[in-house]
Amino acid sequence: MRLPRTAHTDRPWRIHEITGDFTTEDVWVLPTPGGPDDFVWLVRQMAEGLRGGVRGEGAVSRALFAVRWRLGALLGWDKPGTDTQPCLRDRLPADLRDGPRGPDLGSSPFTSVYQRDDEWAAEMGNKTVHAVMHIGWVPDGSGGYRGQMAVLVKPNGLFGTLYMAAIKPFRYLGVYPALLRSIGREWQANAAGRRVR
């Protein structure tokens, strides 16, 4: 379920300290019910998914990602290291910089920025956008907890702004619904293992 931006911006997340020039693009409830100490499992699950490559779940989502990655390769959109995207770790206050960075994401386009007991941030940058995936662990209002994902973006120039506008309907109709279903299925499938440990 999509949430209003204020579900992210009104919380006292540390990510706000380093992303003042980013826009909160999307905020989503993650179907990951749990207890106060289960955030570590969500980070592990998300990291394993990213390490496996961002390909999408379901036929529509997989097709959209395949087209996107092909266009990106042909047009050079996904080349890292543009001058407009300094690493967010360079902006971290000392306590976050000296704390846990978060999981190694392998060959994923994302890189962990920092991790705390209730939030984890990973960034990616290319010629279209500098983006942050922020995963938080929040009370669900009924005594439990659940994950929440926010996507923060800083488009690279006019092209990046147009690109983000062009892909918006595809994100809402194909990518996010499939992603959320996949996260929920995996969370439920791993529930027994979490209880045993």
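Caption draft 1: Layout of the overall build of the chain. In terms of regular secondary structure, the chain is built from 6 helices and 5 strands. Along its sequence from the N terminus, the chain presents helices and strands in the succession α-β-α-α-α-β-β-β-β-α-α. Across the 197 residues in the chain, those meeting the buried criterion constitute 45%. Counted over contacts in the chain with a minimum sequence separation of 6, partners at least 24 positions apart contribute 65%. In the form shown here, the chain has an accessible surface area of approximately 10100 Å², with 58% of it arising from carbon and sulfur atoms.

Caption draft 2: The arrangement of the pattern of salt bridges in detail. Counting across every chain of the model gives 9 salt bridges. A salt bridge links R2 to D26; the shortest N-O distance between them is 3.9 Å. One end of the pair, R2, is in the segment before α1 (6-9); the other, D26, is in strand β1 (residues 23-34), with 24 residues separating them in the sequence. You can call R2 partly exposed: its relative accessible area is 41%. Here D26 falls in the buried class, since its relative accessible area comes to 1%. Between E119 and R116 there is a salt bridge whose closest N-O contact spans 3.4 Å. The partly exposed category is assigned to R116, whose relative accessible area is 33%. Salt bridges linked by common partners bring R2, E25, D26 and R171 together as one network.

Caption draft 3: Looking closely at the sheet that holds strand β5 (residues 145-155). A sheet is described by the order of its strands in space; here 5 strands give the open sequence β1-β5-β4-β3-β2, paired in antiparallel fashion. Looking at strand neighbours, the two that pair on one side only are β1 and β2 (111-115), the edges of this open sheet. Each strand of the sheet is rotated relative to its neighbour by a mean of 20°, with strand direction disregarded. As judged from the 8 bridges shared by β1 and β5, these two strands associate in the antiparallel manner. Bridge pairing in β5 links W28 to M149. Lying on the sheet, helix α2 (residues 39-51) is in contact with β1, β2, β3 (119-125), β4 (129-139) and β5; it crosses β4 at an angle near 150°. Sitting on the sheet, helix α5 (residues 157-189) is in contact with β1, β4 and β5, with an inclination near 5° to β1.

What counts as what
- Residues numbered from 1 in each chain as written.
- Predicted model: local features only at pLDDT ≥ 70, side-chain atom pairs only at ≥ 80, totals over all residues.
- Heavy atoms only, no water.
- Helix = DSSP H or I, 4+ residues; strand = E, 2+ residues; numbered from the N terminus.
- Buried < 20%, exposed > 50% of the residue type's maximum accessible area, 1.4 Å probe, protein only.
- Contact = heavy atoms within 4.5 Å.
- Areas by Shrake-Rupley, 256 points an atom, 1.4 Å probe, with all protein chains shown as cover.
- Salt bridge = Lys/Arg side-chain N within 4 Å of Asp/Glu carboxyl O.
- Pairing = 2+ DSSP bridges.
- Axes fitted to C-alpha atoms, helices over the stretch in contact; angles between N-to-C directions.

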